[in-house]
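What follows is the residue order along each chain.
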Amino acid sequence: MIATPYQQPPADVPPTGLLPLHWAELQASAIAADVAAANVASWGPGTPRHWETERAELVAYARLQLQTASTTASGLPQAQPGFLADRLIALDRRYRHLAAGGWRSLSDALPGLEPFDQWKPSQPRPKGRRDGRGNWEPLPGQAIRYEAQPQHPAGGGLLLPRVPLRCWLLIAERQGLPLPDAAAQAAGFWPWALATPGLQLLITEGWKKALAAVSAGWAAVALPGVQMGRRIGPDGTERLIAELQLLAPRRRWLIAFDAETRPSTATKVAAAAGALAR
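Just so it is clear, the structure is predicted and the values come from calculations on it, not from any experiment. (Residues numbered from 1 in each chain as written. Predicted model: local features only at pLDDT ≥ 70, side-chain atom pairs only at ≥ 80, totals over all residues. Heavy atoms only, no water.)

Trainee: Lay out the environment of Arg 94 with the relevant residues and their values.
Mentor: Its place among the elements puts Arg 94 in helix H5 (residues 81-94). For Arg 94, a relative accessible area of 42% gives the class partly exposed. Here the alpha-carbon distance between Arg 94 and Val 59, two residues 35 residues apart in the chain, equals 9.9 Å. (Helix = DSSP H or I, 4+ residues; strand = E, 2+ residues; numbered from the N terminus. Buried < 20%, exposed > 50% of the residue type's maximum accessible area, 1.4 Å probe, protein only.)

Right, here's the structure in full:
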């Protein structure tokens, strides 16, 4: 079968770059094969992506911070090789669990900005805290399901799906927008979105939800957490993250965060959505 621009390609085999287990997880979230192939990749055993390469990308900002911004107690640059080596080794050890494999996002980026990605390890590391004596202890039954780059210079970012042409055309048609011409298609979906303020965008919490929305013909982006769309400065003023500052002007938005069953959590999520909308 030859897929037309509006038809989803067959989904009986995993898309290129995805292990069967990960593809089954994405299918369970209503993510189409072409969307998954463009936005998710497996790493580790059985894939061409080596876990140490993924770890190196994940910790790149943290390594740079250690190498360039470490200081002594008196505020001077830290130049003791042993000090830096110990901390770099500890940083690598913290993410040793990536050796078991997993999947990661392949987020797009707005012009002039760096992409922001997440990694989902097959064996997540436990959440923990420091006890009264400063010793780290795990929290029973709690794990870090998604990893993001520590010491990211912007404190995180927006996850932007790569939108296949099939979905792009469906989005434009449903919203009554002119179909992208050859030049727009060559530039990519997000430059077109920036130049099309009439395009309504949906914002979710979580990568898989955004990919499911794109699969269904919605133009969607994802935050890694409901509070991650804005920053609060030292003086208490708020601002949107850089990606939202570029996308927000003169545009209609739909905020679709999770429907929580616990009243206390639902109140916090609603407050976060309201703060973002302001």
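Trainee: How would you sum up the sheet that holds strand E8 (residues 220-223)? Please name residues and give values.
Mentor: Taken in spatial order, the three strands of this open sheet run E8-E7-E11, and their pairing is parallel. Both edges of this open sheet fall to E8 and strand E11 (253-256), since each of them pairs with a single strand only. Strand-to-strand, the axes of this sheet are offset by a mean angle of 25 degrees, without reference to chain direction. Both strand E7 (residues 201-205) and E11 contribute to a ladder of four bridges, which runs parallel. Residue pairing in the sheet places Leu 201 in a bridge with Trp 253 of E11. Along the sheet face, helix H9 (residues 207-215) touches E7 and E8 and points at about 175 degrees away from the line of E8. (Pairing = 2+ DSSP bridges. Axes fitted to C-alpha atoms, helices over the stretch in contact; angles between N-to-C directions. Contact = heavy atoms within 4.5 Å.)

Trainee: So what about the packing of helix H4 (residues 60-69) against H5? Which residues, and what values?
Mentor: At a closest axis distance of 10 Å, the pairing of H4 and H5 adopts a crossing angle of 170 degrees. By the angle between their axes, H4 is roughly antiparallel relative to H5. Residue-level contacts link Ala 62, Arg 63, Leu 66 and Gln 67 of H4 to Leu 84, Arg 87, Leu 88, Leu 91 and Asp 92 of H5. Its residues assigned to classes, the contact of H4 with H5 comprises five nonpolar, one polar and three charged. (Parallel < 35°, antiparallel > 145°, perpendicular 65-115°, else oblique. Nonpolar A, V, L, I, M, F, W, Y, C, P; charged D, E, K, R; others polar.)

Trainee: Describe helix H3 (residues 51-58), listing the residues and the values that go with them.
Mentor: Within H3, burial applies to Trp 51, Glu 54, Arg 55 and Leu 58. The buried residues of H3 occupy one face: seen down the axis, they fall within an arc of 100 degrees. Buried positions along H3 lie against strand E1 (40-43), H4, H5, strand E2 (102-105), strand E3 (118-121) and strand E6 (147-148). (Arc of directions from axis to C-beta.)

Trainee: Hey, could you go over the pairing of E1 for me, with residue numbers and the actual values?
Mentor: On E1, burial covers both faces: Val 40 and Ser 42 on one face and Ala 41 and Trp 43 on the other are all buried. In this structure, E1 lies alongside E2, joined through four bridges in antiparallel fashion. Bridged to Ser 42 within E2 is Trp 103.

Trainee: So, the nonpolar core: which residues are in play, and what are the values?
Mentor: Ranked by internal contacts, the top residues of the largest apolar core, which has 46 residues, are Leu 158, Phe 189, Trp 190, Trp 192 and Leu 199. Counting residues per element, the ones that place at least two in this core are helix H1 (20-28), helix H2 (33-39), helix H6 (165-174), helix H8 (189-194), E7, H9, E8 and helix H10 (242-247). Tallying contributions element by element places H9 first for this core, with six residues. Apart from the residues within four sequence positions on either side, Leu 158 is in contact with Ser 107, Phe 116, Ile 203, Val 221, Ala 222, Leu 223, Ile 241, Glu 243, Leu 244 and Leu 247. In terms of nonpolar packing, the next biggest core, distinct from the first, is built from eleven residues, Leu 58, Ala 62, Leu 66 and Leu 98 among them. (Core = buried A, V, L, I, M, F, W, Y, C linked by side-chain atoms within 4.5 Å.)

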